[in-house]
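A structural walkthrough
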Amino acid sequence: MEIREEEIRELEKADLECIWHPFTQMELYRREKPVIIEKGRGCRLYDMEGNAYLDGVSSLWTNVHGHARTELDEALKAQTDLIAHSTLLGISSVPAVRFARKLLDVVPSGLTKVFYSDSGSTSVEIALKMAFQYHRQSPKGNPKKTKFLTFVNAYHGDTIGSVSLGGIDLFHEMYRELLFETYKVASPYCYRCPYGRDYPGCKLDCLLGVEKMLDEHHDEIAAVVLEPLVQGAAGMLMQPEGFLRGVRALCDHYGVFLIADEVAVGFGRTGKMFACEHEGVTPDILCLAKGISGGYLPLAATVTSEEIFEGFLGEFTENKTFFHGHTYTGNPLACAVAIASLDLFEKERIIENLQPKIAFLKEKLSAFKNLSHVGDIRQRGLMVGIELVADRNTREGLPVADRTGHQVILEARKRGIMIRPLGDIIVLMPPLAMSVEELDKLCEATYESIRVVTEK
Ligand SMILES: Cc1ncc(COP(=O)(O)O)c(C=O)c1O
């Protein structure tokens, strides 16, 4: 027992001395006791001291079937017996081929080619370069189309290309001088509508902004880049019904590609396999990561239409090759697990069985209205944002320095819940495998944590 204590203290010390944590103010991090996760079982995480936490945000929106899921573990072990990694540059691997075939069976119809990488950010970088290069070299392209239309509050990752597309000042403004310019339009945020309108009376004025921009600049715009249905990192901002369909129609009308970034919303989070399905939309390029491997290993895919792929065909000397590829692109271990994950979706009819959980969550969330600092409750499938405000009538935010969202998640930890806020928006995004009983606990503990922090 004592040896264990020693080991824990040693690791805590080493964590503080050695690791620079992402998206974390280390000055403040150093003032709190680190939580060091040792194992996961089902929808629970266990720290070194043996404390259990419900994984309320799916380990940063990745986990789908729970931790240490036998089927995924076995697929991983079986693949390690064969090979851990071989390259996709110019040769192929069994799991990469098999997974590509399976993935194409489930993505919106009309998408025919899978380009692998290893994170959401890279999947978006690839989409950008594909759209740009297509227009420079395809006989059907237009080399003047070098720009992108993006949205305020967008988040597409942390590499320079994807940051250029971003629209969250807190994360992105610092790097402005490093970034390329994009045409930016306001995104739907019905609780704080940028057009000062109310849904549904508004008739989607947010689409008019997109239309105006495309009307003026479509000759220069290669693609519109959108997080379909939900802008996750901005605080689970949900788009009204018809917005995505409307953007697709505008892209078609103005001859502009639609890049759908389903890194966060893909693989069942919104209640369908892909968010685009809710509105019968097929994008020209689909970006996938996070849940693609069930939350096990870094894997991403940029899935494209045949038309785009064909724009890259030619003799070597024509220089139409897509000169892009990361070292671990299409890693066999990750692809083997991704196959097992898709098998589980099928075998356990996960999307179908999700619907009662979504309804249960909706009912539980309705109680949060009783809390006087809850301004807005947003839900799409198993994606939830609870926006805390200082004053419900004026919708004025809470003082930033109070870090209310952070205080709430510290309270939640005491109640056995691991969640991570986006500012003062409390995010819930449980694994699809979370049971109704666990969802109940997640909601009860989150409610109580918000109450304790905001109503003292
Ligand atoms: C919509 C979206 N795109 C891209 C990314 C970046 O993914 P990654 O962190 O794997 O690079 C994220 C991450 O949260 C995301 O939510």
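So, here's what we can say about the structure. (Residues numbered from 1 in each chain as written. Predicted model: local features only at pLDDT ≥ 70, side-chain atom pairs only at ≥ 80, totals over all residues. Heavy atoms only, no water.)

1. Section: the pattern of salt bridges
- This structure, assessed with the given rule, holds 34 salt bridges.
- A salt bridge links Glu71 to Lys347, with the shortest nitrogen-to-oxygen separation between them at 3.7 Å. Of this pair, Glu71 sits in helix H4 (residues 70-82) while Lys347 sits in helix H12 (residues 332-347); the two residues are 276 residues apart in sequence, bridging distant segments of the chain.
- Look at Lys347 and you get exposed, because its relative accessible area is 60%.
- One continuous salt-bridge network, built from bridges that share partners, spans Glu5, Arg9, Glu12, Lys33 and Glu49. (Salt bridge = Lys/Arg side-chain N within 4 Å of Asp/Glu carboxyl O. Helix = DSSP H or I, 4+ residues; strand = E, 2+ residues; numbered from the N terminus. Buried < 20%, exposed > 50% of the residue type's maximum accessible area, 1.4 Å probe, protein only.)

2. Regarding the sheet that holds strand S4 (residues 111-117)
- Overall, mixed pairing links the seven strands, which are arranged S4-S12-S11-S10-S7-S5-S6 in an open sheet. Edge positions in the open sheet fall to S4 and strand S6 (183-185), since each of these has one partner strand only. Taking each pair of neighbouring strands and ignoring which way they run, the sheet shows an average axis angle of 20°.
- Alignment of strand S7 (residues 221-226) against strand S10 (residues 257-261), held across four bridges, turns out to be parallel. (Pairing = 2+ DSSP bridges. Axes fitted to C-alpha atoms, helices over the stretch in contact; angles between N-to-C directions.)

3. Some words on empty space enclosed by the protein
- Across all of its chains, the model carries one cavity of 30 Å³ or more by this definition.
- Taken as a whole, the largest cavity spans an internal volume of roughly 80 Å³.
- The wall of the largest cavity is formed by 14 residues, among which Pro188, Cys190, Cys193, Cys202 and Cys206 lie closest to the centre. (1 Å grid on protein atoms, 1.4 Å probe; cavity = no way out; pocket = protein on both sides within 12 Å on 5 of 7 lines; lining within 4 Å. Points joined across faces, edges and corners; volume = space filled by probe spheres on them.)

4. Concerning the pairing of S7
- Of all six residues making up S7, six are buried, and the element is well covered by its neighbours.
- Here strand S5 (residues 147-151) pairs with S7 via three bridges, running parallel. Of the residues in S7, the one forming a bridge with Phe148 is Ala223.

5. Section: the packing of H4 against H12
- At a minimum axis distance of 8 Å, the contact between H4 and H12 shows a crossing angle of 150°. It follows that H4 is roughly antiparallel to H12 by the angle criterion. As H4 runs across H12, the sense of the crossing is right-handed. Counting all contacts with H4, which are made through Glu71, Leu72, Ala75, Leu76, Gln79 and Thr80, the residues of H12 involved are Pro332, Leu333, Ala336, Val337, Ala340, Ser341, Leu344 and Lys347.
- The class makeup of the residues in the contact of H4 with H12 is nine nonpolar, three polar and two charged. (Parallel < 35°, antiparallel > 145°, perpendicular 65-115°, else oblique. Left-handed = near helix turned anticlockwise from the far one by under 90°. Contact = heavy atoms within 4.5 Å. Nonpolar A, V, L, I, M, F, W, Y, C, P; charged D, E, K, R; others polar.)

6. Some points on helix H14 (residues 404-414)
- Taken as a whole, H14 has its buried residues at Thr404, Gly405, His406, Val408, Ile409, Glu411 and Ala412.
- The inward-facing, buried residues of H14 contact strand S14 (383-388), strand S15 (417-418), strand S16 (425-428) and helix H15 (436-454).
- Count one or two residues on from H14 and you reach Gly416, which has phi positive near 80°.

7. What about the site of the ligand?
- What surrounds the ligand is the set Trp61, Ser119, Gly120, Ser121, Tyr155, His156, Gly157, Glu227, Asp261, Val263, Ala264 and Lys290.
- Contact between the ligand and Gly120: an oxygen atom at 2.8 Å from a main-chain N or O atom of the residue.
- One of the side-chain nitrogen or oxygen atoms of Lys290 is found 3.2 Å away from an oxygen atom of the ligand.
- When the ligand sits alone it has 390 Å² of accessible area, and the protein chains cover 83% of it.
- Here the residues of the shell around the ligand are counted per class, giving four nonpolar, five polar and three charged. (Near = heavy atom within 4 Å. Polar contact = N/O pair within 3.5 Å; in protein donor to acceptor, adjacent residues only side chain to side chain. Areas by Shrake-Rupley, 256 points an atom, 1.4 Å probe, with all protein chains shown as cover.)

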